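The chain contents come next:
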Amino acid sequence: MIKITNLCKKFGDLEVIRGIDLHVKTGEVVVIIGPSGSGKSTVLRCINKLEQPTSGTIVVDGHDIMDPKTDINYVRSEAGMVFQQFNLFPHMTALENVTLGPVKVRKMPRLDADSLGMRLLDKVGLASKASAYPNQLSGGQKQRVAIARALALQPKVILFDEPTSALDPELVGEVLEVMKKLAREGMTMVVVTHEMGFAKEVADRVIFFDQGRIQEENEPKQFFANPKNERLRDFIGKVV
Ligand code: ADP
Ligand code: MG
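Residues numbered from 1 in each chain as written. Chains lettered and ligands numbered in written order. Predicted model: local features only at pLDDT ≥ 70, side-chain atom pairs only at ≥ 80, totals over all residues. Heavy atoms only, no water.

- Taking an unreviewed UniProt entry as the reference, the chain is identified by name as Glutamine transport system ATP-binding protein belonging to Desulfobaculum xiamenense.
- As recorded by UniProt, the Subcellular location (unreviewed entry) comment attached to the chain reads in full: "Cell membrane".
- Checking UniProt for the chain, the heading Sequence similarities (unreviewed entry) contains the comment "Belongs to the ABC transporter superfamily." (UniProt positions renumbered as here; feature names shortened; annotations may be inferred.)

Below, the structure is given as structure tokens:
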């Protein structure tokens with residue numbers, strides 16, 4: 001589903017991503033962990049074309065997203081993104097936030113978009129909040145709306161960038177539950193998170209990023225029980 005080859009990204013002289021190869025299979029859940037500033041968000045943002053890679057190739061579902069002819073809206077509908085800060089439009093209701101993409105990008109008729117939006121809000125447990133504005137929702141509810149919004153374009157993969165990091169601890173669980181449900185349904189997911197419990201339970205593969213490189217990757221059991229990289233051992237010791 002995703003094939004990243006020798007991805008490099010520089011901001012000016014700062015080399016942030018230093019040659020990453022990452023393949024994600026259909027239905028796979030890949031969790032990325034690593035210290036702040038190691039380039040985790042930048043990689044997700046390159047996949048979604050929010051950043052332009054300096055070099056390398058990224059192919060999503062057979063489409064070379066680096067090809068200047070590839071439509072950016074198409075790339076973003078293939079690879080949905082969920083951000084730490086939700087990024088909902090404050091002047092739109094939950095339902096309007098969810099239906100905006102289908103209406104604008106997919107030119108879906110309003111009635112169809114509304115019924116799709118209601119189905120997705122129901123899926124994340126928020127059908128009753130369809131008419132609420134973001135400032136009337138808790139952080140966990142906002143993030144669940146953001147997940148419904150990402151699903152609305154029927155993406156091939158969803159990229160989650162620390163989706164629970166901005167939440168009060170008691171609200172983390174409801175968002176992780178929705179993510180687990182998606183994983184069980186076979187959604188292809190790349191998740192940057194510090195939630196090690198989620199990684200252990202849901203990930204097919206866990207990747208440790210440090211200094212712009214993949215330093216270690218393994219299935220979760222081995223990854224946490226037998227970390228080989230010293231900085232990973234150190235990191236696990238700090239966050240668990
Ligand atoms: P992480 O998500 O792992 O915390 P990021 O991918 O956000 O790391 O950032 C990696 C590095 O790239 C950091 O040093 C950060 O300051 C730098 N960086 C990220 N975005 C930009 C940008 N738009 N301009 C300049 N530097 C950036
Ligand atoms: Mg980040």
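## Observations regarding the overall build of the chain
- The helix and strand tally for the chain stands at nine helices and ten strands.
- Whereas a compact globule of 240 residues would reach a radius of gyration of roughly 18 Å, the chain reaches 18 Å, a difference of no more than 12%.
- By principal-axis analysis of the C-alpha atoms, the chain measures approximately 55 × 45 × 30 Å.
- Relative to its full complement of 240 residues, the chain shows a buried share of 52%.
- Once local pairs closer than 6 in sequence are excluded, the contacts in the chain between residues at least 24 apart make up 65%.
- Carbon together with sulfur atoms contributes 48% to the accessible area of the chain, which is approximately 11200 Å² in total.
- The positive charge centre, built from 32 side chains, and the negative charge centre, built from 30, are 2 Å apart in the chain. (Helix = DSSP H or I, 4+ residues; strand = E, 2+ residues; numbered from the N terminus. Rg over C-alpha atoms; globule rule 2.2 N^0.38 Å. Buried < 20%, exposed > 50% of the residue type's maximum accessible area, 1.4 Å probe, protein only. Contact = heavy atoms within 4.5 Å. Areas by Shrake-Rupley, 256 points an atom, 1.4 Å probe, with all protein chains shown as cover. Lys, Arg positive; Asp, Glu negative; His and termini not counted. Charge placed at Lys NZ, Arg CZ, Asp CG, Glu CD.)

## Examining the site of ligand 1
- Near ligand 1 the following residues occur: Phe11, Leu14, Val16, Pro35, Ser36, Gly37, Ser38, Gly39, Lys40, Ser41 and Thr42.
- In this structure, Ser41 approaches ligand 1 through a side-chain N or O atom, which is 2.8 Å from an oxygen atom.
- Between an oxygen atom of ligand 1 and a side-chain N or O atom of Thr42, the distance comes to 2.5 Å.
- Considering ligand 1 on its own, with 560 Å² of exposed area, one finds that the protein chains cover 60% of that surface.
- Counting only elements with at least two residues in the shell around ligand 1, the list comes to strand S2 (14–24) and helix H1 (40–47).
- A total of three residues in the shell around ligand 1 trace back to one element, the largest contributor, which is H1.
- Of the residues assigned to the shell around ligand 1, the class counts are four nonpolar, six polar and one charged. (Near = heavy atom within 4 Å. Polar contact = N/O pair within 3.5 Å; in protein donor to acceptor, adjacent residues only side chain to side chain. Nonpolar A, V, L, I, M, F, W, Y, C, P; charged D, E, K, R; others polar.)

## Quick word on the sheet that holds strand S5 (residues 63–64)
- Within the open sheet, the four strands sit side by side as S2-S1-S4-S5. Their pairing is antiparallel. Across the chains shown, the open sheet's two edge strands, defined by having one partner strand only, are S2 and S5. (Pairing = 2+ DSSP bridges.)

## Examining the side chain of Glu51
- One can find Glu51 in the loop between H1 and strand S4 (55–60).
- For Glu51, a relative accessible area of 17% puts it in the buried group.
- Apart from the residues within four sequence positions on either side, Glu51 is in contact with Lys9, Phe11, Arg45 and Cys46.

## Describing the environment of Glu177
- Note on placement: Glu177 falls in helix H6 (residues 169–184).
- Sequence separation between Glu177 and Val124 is 53 residues; the distance between their C-alpha atoms is 9.1 Å.

## What about the pattern of salt bridges?
- Going through the model one piece at a time under the given rule, you end up with twelve salt bridges.
- When the shortest N-O distance is used, the salt bridge between Glu51 and Arg45 registers 3.4 Å.
- In this structure, the salt-bridge partner of Lys156 is Asp61, at a minimum N-O distance of 2.7 Å. One end of the pair, Lys156, is in the loop between helix H5 (139–151) and strand S7 (157–161); the other, Asp61, is in the loop between S4 and S5, with 95 residues separating them in the sequence.
- Accessibility expressed as a relative area gives 33% for Lys156, which makes it partly exposed.
- A single network of salt bridges, built from pairs that share partners, joins Glu28, Arg205 and Glu217. (Salt bridge = Lys/Arg side-chain N within 4 Å of Asp/Glu carboxyl O.)

## Re H6
- In a regular helix each residue adds 1.5 Å, so 16 residues correspond to 22 Å; H6 covers 24 Å between its end C-alpha atoms and thus fits that length.
- Looking at H6, one finds that the buried residues are Leu171, Val172, Val175, Leu176, Val178, Met179, Lys180, Leu182 and Ala183.
- Tucked into the core, H6 has its buried residues touching strand S3 (29–33), helix H4 (110–123), H5, S7, strand S8 (188–192) and helix H7 (196–202).
- Directly beyond the C-terminal end of H6, a positive phi value near 95° is found at Gly186. (Expected span 1.5 Å × (residues − 1).)

## Concerning the nonpolar core
- By size, the foremost hydrophobic cluster in this structure holds 50 residues, and its most contacted members are Ile33, Leu121, Ile147, Phe160, Met179 and Met189.
- Ranked by the residues each element gives to this core, the list is headed by H6, at eight residues.
- In terms of nonpolar packing, the next biggest core, distinct from the first, is built from 27 residues, Ile2, Ile47, Met81 and Ile207 among them. (Core = buried A, V, L, I, M, F, W, Y, C linked by side-chain atoms within 4.5 Å.)

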